[in-house]
Amino acid sequence: MRDTSAQRAPLIWQRTDTVGTELVFPVGNDPRAASGSAVIAGPVPHTKRWHAELDADAVVRDLTVTCEGGDWNRTLRLARDPEHGWTCRTEETGDLDGALTDGGHRGAPLPGIDDSTRLHPDAIIRLSDSPIFLTWALRRLRLAAGDRAVAAPTIRILTPSLVVLPGVSTYQLVSEHRLRVSGDEPASGYELDDDRVVTYQPARLRLAH
């Protein structure tokens, strides 16, 4: 079975809705850290790089994401303090604009969130179109196939805008290899392997390796 905590071998996902590939790598011998890098075409061609640090229970406690296009760059860092909750810091250069449609926005919304106190201290962190974050969510929630759907506070980070959206998402393992996610986000289904790594999201992405 694949060691999804340490991610000893890189995982590769290919987009099926556009030209794009994401690679997720282990970070040295640390089973609680991972980094990813992606190249995405489409209306706003860009690269995406991220680094995540996790607790033992697959809880993301620190995440840094950078999205970069031809003449713009955005960086977001979310960090969780056990006593004080989340902090959110952003940097941006250039002008991200054009036909951005993530989260229903038009143009280039500001990265981050206006008030980090809106972020639930125990929320699940998910980076859009980075399926490894769903694997971590499943490990944390300890879902069993056939159980009722579980609602959990979730922080979604949209790319390439790096807008931070707090809400409640619903997770249900319909079967051992099928996940359904809904709630305060568009409902979507996912196929999983035995390690609960996403292998396919219809009309969006598939696991290549």
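The structure this text deals with has already been given above.
Residues numbered from 1 in each chain as written. Predicted model: local features only at pLDDT ≥ 70, side-chain atom pairs only at ≥ 80, totals over all residues. Heavy atoms only, no water.

*Asks:* Explain the pairing of strand β2 (residues 20–27) here, please?
*Replies:* Residues in a regular strand project their side chains so that they alternate between the two faces of the sheet. As judged from the four bridges shared by strand β1 (residues 11–15) and β2, these two strands associate in the antiparallel manner. Residue pairing for β2: Trp13 is matched across the bridge by Glu22. Joining the antiparallel neighbours β1 and β2 is a turn of four residues. (Pairing = 2+ DSSP bridges. Helix = DSSP H or I, 4+ residues; strand = E, 2+ residues; numbered from the N terminus.)

*Asks:* Quick question: what am I supposed to make of the pattern of salt bridges here?
*Replies:* It is possible for side chains of opposite charge to pair when their charged atoms get near one another. The full count for this structure, using the stated rule, is 15 salt bridges. We note a salt bridge from Arg118 to Asp114, for which the minimum N-O separation is 3.0 Å. Using a relative accessible area of 47% as the deciding quantity, one classes Arg118 as partly exposed. Between Glu176 and Arg196 there is a salt bridge whose closest N-O contact spans 3.8 Å. Of this pair, Glu176 sits in the loop between β10 (164–175) and β11 (178–183) while Arg196 sits in the loop between β12 (188–192) and β13 (198–201), and the two are 20 residues apart along the sequence. Linked by salt bridges that have partners in common, Arg15, Asp17, Asp129 and Arg204 make up one network. (Salt bridge = Lys/Arg side-chain N within 4 Å of Asp/Glu carboxyl O. Buried < 20%, exposed > 50% of the residue type's maximum accessible area, 1.4 Å probe, protein only.)

*Asks:* Whenever I open this one, the environment of Val60 confuses me. Can you help?
*Replies:* Residue placement: Val60 occurs in strand β5 (residues 60–68). Owing to a relative accessible area of 5%, Val60 belongs among the buried residues under this scheme. Taking the C-alpha atoms as reference, Val60 lies 9.1 Å from Ala123; in sequence the two are 63 residues apart. Leave out the neighbours within four places in its chain, and Val60 touches Glu53, Leu54, Trp86, Ile125, Phe133 and Trp136. (Contact = heavy atoms within 4.5 Å.)

*Asks:* Would you mind going over unusual backbone geometry with me for this structure?
*Replies:* Trans is the common state for peptide bonds, and a negative phi is the common state for residues other than glycine. For the bond running from Thr159 to Pro160, omega is 5°, close enough to zero to count as cis. With respect to the secondary-structure elements, Pro160 resides in the loop between β9 (150–157) and β10. Of note in the backbone geometry, Arg142 takes a positive phi value of approximately 55° without being a glycine. The topology assignment puts Arg142 in the loop between α1 (132–141) and β9. On the accessibility criterion, Arg142 (63% relative accessible area) is exposed. One non-glycine residue with positive phi stands out, namely Ala203, at about 60°. Topologically, Ala203 is positioned in the loop between β13 and β14 (205–207). Note on Ala203: relative accessible area 60%, which makes it exposed.

*Asks:* Looking at this structure, how should I read the pairing of β13?
*Replies:* In the sheet, β12 pairs with β13 via two bridges, with the strands oriented antiparallel. Looking at the pairing, Leu192 lines up with Val198 of β13. Here β12 hands over to β13 after five residues, with Arg196 in that stretch at a positive phi of 60°. Bridge count for β13 against β14 is two bridges, and the pairing is antiparallel. Bridging across to β14, Gln201 finds its partner in Leu205.

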